[in-house]
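Given next are the chains, with one letter for each unit.
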Amino acid sequence: MRFLSAAILVVSLAVATASASDPKKSKDDPNQIGNRDVGKCLNMFSIEKEIALGKQLSEEVKRQARLNDDPLVGEYVNRVGQNLARSSDAKVPFTFQVVEDEAPNAFALPGGFVFVNTGLIKIADEEDEFAAALAHEIAHVAARHLTCQATKQQLLTMLALPAGAVLGGWGGVLARQGMGLGMPMAFMQFTRANETEADYLGVQYMYAAGYDPNGAVSMFEKLEMLERQKPGTLSRIFASHPLDSTRIDKTQAEIQRILPSKPEYVVTTSEYHDIRERLITLENRPANNGQGPTLRRATGSGQPGDADDDQRPTLKRKDLVE
Ligand code: ZN
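Basis of the calculations
Residues numbered from 1 in each chain as written. Predicted model: local features only at pLDDT ≥ 70, side-chain atom pairs only at ≥ 80, totals over all residues. Heavy atoms only, no water. Helix = DSSP H or I, 4+ residues; strand = E, 2+ residues; numbered from the N terminus. Buried < 20%, exposed > 50% of the residue type's maximum accessible area, 1.4 Å probe, protein only. Contact = heavy atoms within 4.5 Å. Areas by Shrake-Rupley, 256 points an atom, 1.4 Å probe, with all protein chains shown as cover. Expected span 1.5 Å × (residues − 1). Salt bridge = Lys/Arg side-chain N within 4 Å of Asp/Glu carboxyl O. Disulfide = S-S within 2.5 Å. Phe/Tyr/Trp six-rings, centres within 6.5 Å; stacked < 30°, edge-to-face > 60°. Pairing = 2+ DSSP bridges. Core = buried A, V, L, I, M, F, W, Y, C linked by side-chain atoms within 4.5 Å.

Undergrad: Help me understand the overall build of the protein chain, please; the structure alone is not making it clear to me.
TA: Each helix and strand counted, the protein chain has 13 helices and five strands in total. Each of the 322 residues in the protein chain was classed as buried or not, and the buried ones make up 47%. Counting only contacts in the protein chain whose residues sit at least 6 apart along the sequence, the fraction spanning at least 24 positions is 77%. Carbon and sulfur atoms form 56% of the exposed surface of the protein chain, whose accessible area is close to 15,900 Å².

Below, the structure is given as structure tokens:
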């Protein structure tokens, strides 16, 4: 009976989801960002539970990864991230942190915890390319991909269990399967469809925040080139963010189809260039493995404003190499 009632619950939830207002049309309209149901799915996590799960997982990341602790870098990355998050459909507060890691990658945990590697900032020469990566991660959060995915997998597990195993109902199964707050990260993976949707939404968030959406295209092209040059070293990244020419073509087509061109876009800022330079300089300092005092280079060079007092963004269109 338990098995049956679980199955009935799945069907009724699925019907409820399908009968909700069609989000497809509004998903194409950047003017409706914030008022569309992009995170709608069969999801056993409330927003609060999702944030709690993300927080717990982010503590785990902080224990294992080497975070960049430079206040200027942190403030800047957070400011760019918050600006994009405000231009998104996400309903959760965000935090953005920089991980000292050469791999050009970024990742998002459920509930708004975004991490970006120093390696990604190094290959993003311009702010719109950096913004493209953050916007893509914000889109994964806005669409609640990880908890939607986890819910689907959990339901499949539940339906495969013998009837008597579902004692304690919903909560009981979740506890036994380790689906509570201690859910292992390996359980959470994006599908190809998730990636496509995050690309689609991310480009719109960039555009809404004032960036040239073609920054996403040039970022993909750089990653693809790196993948060709050093396929072995990048395999880990492309396992979570598979990249191919289809992805680039789709993004270019989307920009043409749904994003009316603006007279000017932010392509880059001198502040981004300064922060990027600063990161590269800071990376050459002695390693600090969380023990002893933090050694920091004397400031005076590499400070935003030192090299260029003109902090206005570069407003232009990106010229893409076809
Ligand atoms: Zn992704």
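Undergrad: Just to check I follow, could you spell out helix α9 (residues 192-208) for this structure?
TA: A turn of α-helix holds 3.6 residues, and therefore any two residues three or four places apart point the same way. The terminal C-alpha atoms of α9, which comprises 17 residues, lie 24 Å apart, in line with the 24 Å expected from a rise of 1.5 Å per residue. Among the 17 residues in α9, 13 count as buried, and that is most of the element. Directly beyond the C-terminal end of α9, a positive phi value near 100° is found at G210.

Undergrad: What is the right way to read the pattern of salt bridges from this model?
TA: Where charged atoms of side chains with opposite charge meet at close range, the side chains can pair. Scanning the model with the defined rule gives 16 salt bridges in all. Two residues, E129 and K222, come together in a salt bridge whose shortest N-O distance is 2.8 Å. Of this pair, E129 sits in helix α6 (residues 127-142) while K222 sits in helix α10 (residues 214-229), and the two are 93 residues apart along the sequence. Assessed through its relative accessible area of 3%, E129 is described here as buried. With relative accessibility at 22%, the residue K222 sits in the partly exposed group. Taken together, the salt bridges that share partners define one network made up of D125, E129, K222 and R276.

Undergrad: Sorry if this is basic, but what is going on with the side chain of S26 here?
TA: Here S26 lies in helix α2 (residues 24-27). S26 sits in the buried class, given a relative accessible area of 11%. With near-sequence residues (within four places) excluded, S26 lies in contact with Q32 and R36.

Undergrad: When you look at the state of the cysteines in this model, what are you seeing that I'm missing?
TA: What we call a disulfide is simply a covalent bond connecting the sulfur atoms of a pair of cysteines. Using the criterion set out here, one finds one disulfide in the structure. Residue C41 pairs covalently with C148 via a disulfide, S to S 1.9 Å. Residues C41 and C148 share a disulfide whose torsion about the S-S bond is about -90°; that sign makes it left-handed. In this pair, C41 is assigned in the loop between α2 and α3 (47-64) and C148 in helix α7 (residues 145-160), connecting sequence segments 107 residues apart.

Undergrad: Would you mind going over the environment of N214 with me for this structure?
TA: With respect to the helices, strands and loops of the structure, N214 is situated in helix α10. By relative accessible area, which is 19% here, N214 ends up buried. Put simply, N214 and E129 are 85 residues apart on the chain and 8.3 Å apart in space, counted from C-alpha to C-alpha.

Undergrad: What is the right way to read the packing of aromatic side chains from this model?
TA: The description of an aromatic ring pair uses the distance of the two centres, along with the angle that the planes make with each other. Counting across every chain of the model gives six aromatic pairs. An angle of 20° between the planes, with centres 6.4 Å apart, marks the rings of Y76 and F130 as stacked. With a gap of 54 residues between them, Y76 in helix α4 (residues 71-86) and F130 in helix α6 connect regions that are remote in the sequence. The burial state of Y76 is the same as that of F130; both residues are buried. Relative to F96, the ring of F94 lies with its centre 5.7 Å away and its plane at 10°, an arrangement referred to as stacked. Among the aromatic side chains, those forming a connected cluster through ring pairs are Y76, F130 and Y272.

Undergrad: Would you take a moment to explain the pairing of strand β3 (residues 113-117) for this structure?
TA: Looking down a regular strand, the side chains alternate between one sheet face and the other. Across the five residues of β3, five count as buried, placing the element largely inside the fold. Here β3 shows no split at all, with F113, F115 and N117 on one side and V114 and V116 on the other all buried. Where strand β1 (residues 95-99) lies against β3, five bridges are found, and the strand directions are parallel. Within β3, the position partnered with V98 by the bridge is V116. Summarising the sheet, strand β2 (residues 106-109) and β3 pair through four bridges and their orientation is antiparallel. Paired with L109 across the bridge in β3 is F113. Counting the residues in the hairpin turn of β2 and β3 gives three residues, including G111, whose phi is positive at 80°.

Undergrad: What's the story with the nonpolar core in this structure? I'm lost.
TA: Side chains of nonpolar character tend, in soluble globular proteins, to be buried together. V77, L84, F94, V116, F130 and Y205 are the most contacted members of the largest nonpolar core, which has 58 residues in total. Here V77 is in contact with F96, V98, V116, I121, F130 and L134, once residues within four sequence places are set aside. Membership of the second largest hydrophobic core comes to 10 residues, among which are M44, L53, V99 and F113.

So yeah, pure geometry; function would need other evidence.
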